[in-house]
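Single-letter residue listing:
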Amino acid sequence: MTARTKPGSPLRSAELSRAALTANLTALRATHGDDVAIDLRADALGLGAAEVGHVASAVGFRHCVIDSSQVAPAGLNALAPHALAVSGWWDGPGGPVVTFSATVISVKAVPSGTPVSYGYEYTTPSDTTLALVSAGFADGVPRTPGGHIALGGVAFPIAGRIAMDQCVLDVGDATVHVGDRAVIWGGSPSLAQWSSWSRRPEAALLAHLGSRVVKSWH
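Thresholds applied
Position numbers for residues start from 1 in each chain and track the written sequence from start to end. Local features in this predicted model are restricted to residues whose pLDDT is 70 or higher, and side-chain atom pairs enter the listing and the counts only when it is 80 or higher, whereas totals over whole chains, interfaces and linings include all residues. Excluding hydrogens and water, the side-chain values take into account all heavy atoms of the structure. For this document, the term salt bridge refers to a Lys or Arg side-chain nitrogen within 4 Å of an Asp or Glu carboxyl oxygen. Note on exposure labels: buried denotes an accessible area under 20% of the residue type's maximum, exposed denotes more than 50%, and partly exposed covers the range between, all computed with a 1.4 Å probe on protein chains only. Ring geometry is summarised as follows: Phe, Tyr and Trp rings, the Trp one being its six-membered ring, pair when their centres sit within 6.5 Å, and such pairs are stacked at plane angles under 30 degrees, edge-to-face over 60 and tilted between the two. A run of H or I in DSSP counts as a helix once it spans at least four residues, and a run of E counts as a strand once it spans at least two, with each numbered from the N terminus. Lining residues are those with an atom within 4 Å of a point, where the points come from a 1 Å grid over the protein atoms alone and group into cavities, where a 1.4 Å probe fits but cannot get out, or pockets, open sets with protein on both sides within 12 Å along at least five of seven lines. Grid points are joined across faces, edges and corners, and a volume is the space filled by probe spheres set on the points. Charged residues are taken to be Asp, Glu, Lys and Arg, nonpolar residues to be Ala, Val, Leu, Ile, Met, Phe, Trp, Tyr, Cys and Pro, and polar residues to be all remaining types, Gly included. Here, nonpolar core refers to any group of buried Ala, Val, Leu, Ile, Met, Phe, Trp, Tyr and Cys residues whose side-chain atoms link them within 4.5 Å. When checking whether two residues touch, look at their non-hydrogen atoms; a contact exists if any pair is within 4.5 Å. Working convention: axes come from line fits to C-alpha atoms, limited for helices to the stretch in contact. Angles between N-to-C directions cover 0 to 180 degrees. Should an angle fall under 35 degrees it is called roughly parallel, over 145 degrees roughly antiparallel, and 65 to 115 degrees roughly perpendicular, with every other angle called oblique. In a left-handed crossing the near helix is turned counterclockwise from the far helix by less than a right angle, and in a right-handed crossing that turn is clockwise.

A. The pattern of salt bridges, seen in detail. The tally for this structure, following the rule as stated, stands at six salt bridges. A salt bridge links Asp 39 to Arg 41, with the shortest nitrogen-to-oxygen separation between them at 2.7 Å. For Arg 41, a relative accessible area of 32% translates into the label partly exposed.

This is the structure we're talking about:
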């Protein structure tokens, strides 16, 4: 069943999981040992160095690498930027730390041959349903061919170019409603898949989540 957007919820959000972060950091520390530092530069990729650092300290990290403008979170000692630092804590045995999602704001049945989005680079191959999702490249959805977004656990292709504020999914004969929540990444599709589609590092995708994407820890 597709999740629905609750009244008053943001159109675009990044849900951040402390449980996943704890499990992933625990695994990284077990792999790399006691002397390795956690990379918290760029405010932990914009996700919050204080929160990530607090969890890192709780699972046994003692060192961090930060920017010159940052202050080391409590319990962590700052090391030089060239020190050995681990990243990749946004995914691992505990699953994805970040789930990036947005609301479906329009649903429309269209005939075969309907052109979609800027430049009409995509036309529907058959009668289908188009779902308009309220997230675009200004929010951190990479403008790249081949991307998919999930509704109710099923990944659907992005139809045509990704716009600044929105993108379109070709959902075929699936049942989709206005208010359904579309998962851009976090599970399936994964951040790693989006990294492959866009040819951008996972860290860069996280760091480029837009200011309209409301981040919250749970």
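B. Spatial organisation of the packing of aromatic side chains. A complete count under the given rule lists four aromatic pairs for this structure. Ring centres of Trp 194 and Trp 197 lie 5.2 Å apart, and the angle between their planes is 80°; this geometry places the pair in the edge-to-face category. One end of the pair, Trp 194, and the other, Trp 197, are both in helix H4 (residues 191-198), three residues apart, so they sit about a helical turn from each other. Residue Trp 194 is classed as buried on the basis of its relative accessible area, which comes to 0%. Of the residues examined, Trp 197 reaches a relative accessible area of 22% and is grouped as partly exposed. Clustering of aromatic rings is evident, with ring pairs tying together Phe 100, Trp 185, Trp 194 and Trp 197.

C. View of empty space enclosed by the protein. Enumeration according to the criterion identifies one cavity of 30 Å³ or more in this entry. In this structure, the largest cavity spans a volume of roughly 50 Å³. A per-class count over the lining of the largest cavity returns six nonpolar, one polar and one charged.

D. Quick look at the nonpolar core. Grouped together as the largest cluster of nonpolar side chains are 52 residues, with contacts concentrated most on Leu 25, Ile 38, Phe 61, Trp 89 and Trp 185. The residues touching Leu 25, leaving out its near neighbours within four places in the chain, are Ile 38, Val 52, Val 55, Ala 56, Val 59, Phe 61 and Trp 89. In terms of nonpolar packing, the next biggest core, distinct from the first, is built from five residues, Val 110, Leu 130, Ala 159 and Val 168 among them.

E. Representation of the environment of Gly 48 within the structure. Considering the arrangement of structural elements, one finds Gly 48 in the loop between helix H2 (41-45) and helix H3 (49-58). Spatially, the C-alpha atoms of Gly 48 and Lys 215 are 9.5 Å apart, while their sequence positions differ by 167 residues.

F. Region of the structure containing the packing of helix H1 (residues 18-32) against H3. In contact at an axis separation of 9 Å, H1 and H3 are set at 50° when each is read in the N-to-C sense. In terms of their interaxial angle, H1 and H3 are classed as oblique. Judged by the twist between their axes, the crossing of H1 over H3 is right-handed. Residue-level contacts link Arg 18, Leu 21, Thr 22 and Leu 25 of H1 to Glu 51, Val 52, Val 55 and Ala 56 of H3. Among the residues making up the contact of H1 with H3, the classes are represented as five nonpolar, one polar and two charged.

G. Representation of the layout of surface pockets. The calculated volume of the largest pocket comes to roughly 210 Å³. The wall of the largest pocket is formed by 13 residues, among which Ser 9, Ser 13, Glu 15, Ser 101 and Arg 181 lie closest to the centre. Secondary structure elements with two or more residues in the lining of the largest pocket: strand S1 (12-16), strand S6 (98-110) and strand S14 (214-217). Looking at side-chain class alone, the lining of the largest pocket contains three nonpolar, six polar and four charged residues.

H. Region of interest: unusual backbone geometry. For the bond running from Ser 188 to Pro 189, omega is 0°, close enough to zero to count as cis. Mapped onto the secondary structure, Pro 189 falls in the loop between strand S13 (181-185) and H4. If you check the backbone angles, Ala 44 has positive phi at about 55° while not being a glycine. Unusually for a residue other than glycine, Arg 199 sits at a positive phi of about 60°.

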